[in-house]
Amino acid sequence: MSSRGSKMEEVKLFGYWVSPFCRSVEIALNIKGIQYEYIEEDLTNKSPQLLQYNPVYKKIPVLLHNGKPIVESMVILEYIDETWKNNPILPEDPFEKARARFWANFVDQKCFPALWKTIWSTSEQYEQNKAEALERLKVLENELGGKRFFGGDSIGMVDIVANFIGFSFRTIQEALKLDVFTEDNFPKLWEWAENFANCSPVKKCLPPQDKLIANFPPAYMGKTLVSSFQSRLQLQFHPPAAAK
Amino acid sequence: MEETGGVKLLGFWVSPFAQRVKWALKLKGVQYEYIEEDIYNKSPLLSKLNPVYGMVPVLVHNGKPISESIIILEYIDEVWKQAPLLPQDPYERAQARFWAKFAEEKVRQSVWEAMCSSGEEKQKAVKSAVEAFEEFEKELKRRGTKFFGGETIGFVDIVAGCISYQLALHEEVGSIKILDSSKFPAISEWIKNFLNHPLINEGLPQKDQMFAYFSKRSKEIASQKMSHKTA
């Protein structure tokens, strides 16, 4: 992984290892071969730097480039693509670019929240939340079509933003024995996820699956959610039988 | 102005999202055909051009549809290079995108929610809206320019611009007060300057018609919420 560009540029990323928003930025930096310093934030005890660099939201990820902060993962992805021109993550053509932005937005605003809800469903809520998630994934599966990646032959912005679907969600789903994203229901997306997780810019920043489960949900989400998740893992959450 | 090829815009008369696109096209001097859609009775054309959401605005250029207002603004800026909306420098562009997202998600959205909700929910929404306005005011003051984009109207101005002609109506319909001009002098001045631009002010919907529409909509939304609660 070599640093492109003629001068040494200081790139730092303030992140949280579980966060898929942070992972998006790492994948983009890896695609471009940018060397960066990663700083893990304790979100229960945010650093003065984080508060200084992101005063409006006080959230990760924060990219610091030559001392200047950029926040919001999608804004950071656009910045990275405009600053380092090798291995573009967005298409050149304005219409195709608009299309990629549209689908990245769809993943971010429609797919992620729907999948997230299924993880936190009570047994009464599960079927309805699952139905919504299936609907969203179906739209995504149709968009993928016969392509290897949403970006074509190599991963692009949509694939990057969908990293939660490609990796973390499947891991958590399996641990909870949920049946939302299955190979039977979504054969194309399933294959996409396998290819995605095996790409070297992605593989470089994926945590081991058992570490993800052992540390999910993150502590900053609160004791109630953490203990609820742990007890579900023990119960191996099963959706209610249809007859009930 | 090398681009030829038909430009069509599907919109809805009161939609602030469609208005953003109209402003961008007008500022760039791009001729377009406007098609009014009844969003409560969607045409086959709209469903075909925006199959995922079935919403306006949709820009059609050379037969190809682009949807989502902020994405359309980026497209317009990339295709028609005159009167640029975004700055050239990547860092400044990132700042503009950040504040545009903030204007949409925190400023506009919270005002709408404050108008349409009641009781404790309304109080919370008003508080969020005021906090968002405070951040926006701070940033405007920090920049010290006539508009967010500098001396000319830019990306953030266009995205945030809906508050210039709809905020007062939302406040009236929702019986809320957010923009106290003594508390927000920079925003108040910005609104004045923004509406002073002839291309911005031209063709805005009639205030009484907007008032009637927002009154009706906020009642409908309130009753939908009640039926969800009592179900």
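- If you look chain B up in an unreviewed UniProt entry, it shows as Probable glutathione S-transferase from Coffea arabica.
- Its UniProt record gives chain B the following Catalytic activity (unreviewed entry) comment, quoted word for word: "RX + glutathione = an S-substituted glutathione + a halide anion + H(+)".
- What the UniProt record of chain B gives under Sequence similarities (unreviewed entry) is the line "Belongs to the GST superfamily. HSP26 family."

- Within an unreviewed UniProt entry, the label attached to chain A reads Probable glutathione S-transferase, and the organism entered is Coffea arabica.
- Recorded in UniProt for chain A, the comment headed Sequence similarities (unreviewed entry) runs: "Belongs to the GST superfamily. HSP26 family."
- Taken verbatim from the UniProt record of chain A, the Catalytic activity (unreviewed entry) comment is "RX + glutathione = an S-substituted glutathione + a halide anion + H(+)".

1. Section: the side chain of lysine 28 of chain B
All names here are of chain B.
Link 1 in the chain: Its location among the elements puts lysine 28 in the loop between α1 (16-27) and β2 (33-36).
Link 2 in the chain: Taking the relative accessible area as the measure of exposure, lysine 28 reaches 3% and is therefore buried.
Link 3 in the chain: Engagement of the side chain of lysine 28 in a polar contact is seen with the backbone oxygen of tryptophan 80, the distance being 2.7 Å.

2. What to know about the interface of chain B and chain A
Link 1 in the chain: If you look at the interface, chain B gives 25 residues, while chain A gives 24 residues.
Link 2 in the chain: Buried surface at the junction of chain B and chain A, both sides included, amounts to about 2300 Å², of which 67% is carbon and sulfur.
Link 3 in the chain: The three residues of chain B that bury the most area against chain A are Ile71, Tyr91 and Phe98 of chain B, which together make up 25% of that side's buried surface.
Link 4 in the chain: Where chain B packs against chain A, one counts six salt bridges.
Link 5 in the chain: Close ionic contact of glutamate 72 of chain A with lysine 101 of chain B constitutes a salt bridge, the shortest N to O distance being 2.7 Å.
Link 6 in the chain: The interface formed by chain B and chain A contains six residue pairs in polar contact (both at pLDDT 80 or more).
Link 7 in the chain: Elements with a minimum of two residues in the side of chain B that touches chain A: β4 (64-67), α3 (69-79) and α4 (90-116) of chain B.
Link 8 in the chain: No other element matches α4 of chain B, which puts twelve residues into the side of chain B that touches chain A.

Parameters at a glance
Residues numbered from 1 in each chain as written. Chains lettered and ligands numbered in written order. Predicted model: local features only at pLDDT ≥ 70, side-chain atom pairs only at ≥ 80, totals over all residues. Heavy atoms only, no water. UniProt positions renumbered as here; feature names shortened; annotations may be inferred. Helix = DSSP H or I, 4+ residues; strand = E, 2+ residues; numbered from the N terminus. Buried < 20%, exposed > 50% of the residue type's maximum accessible area, 1.4 Å probe, protein only. Polar contact = N/O pair within 3.5 Å; in protein donor to acceptor, adjacent residues only side chain to side chain. Contact = heavy atoms within 4.5 Å. Buried area = accessible area lost by both parts, 1.4 Å probe. Salt bridge = Lys/Arg side-chain N within 4 Å of Asp/Glu carboxyl O.

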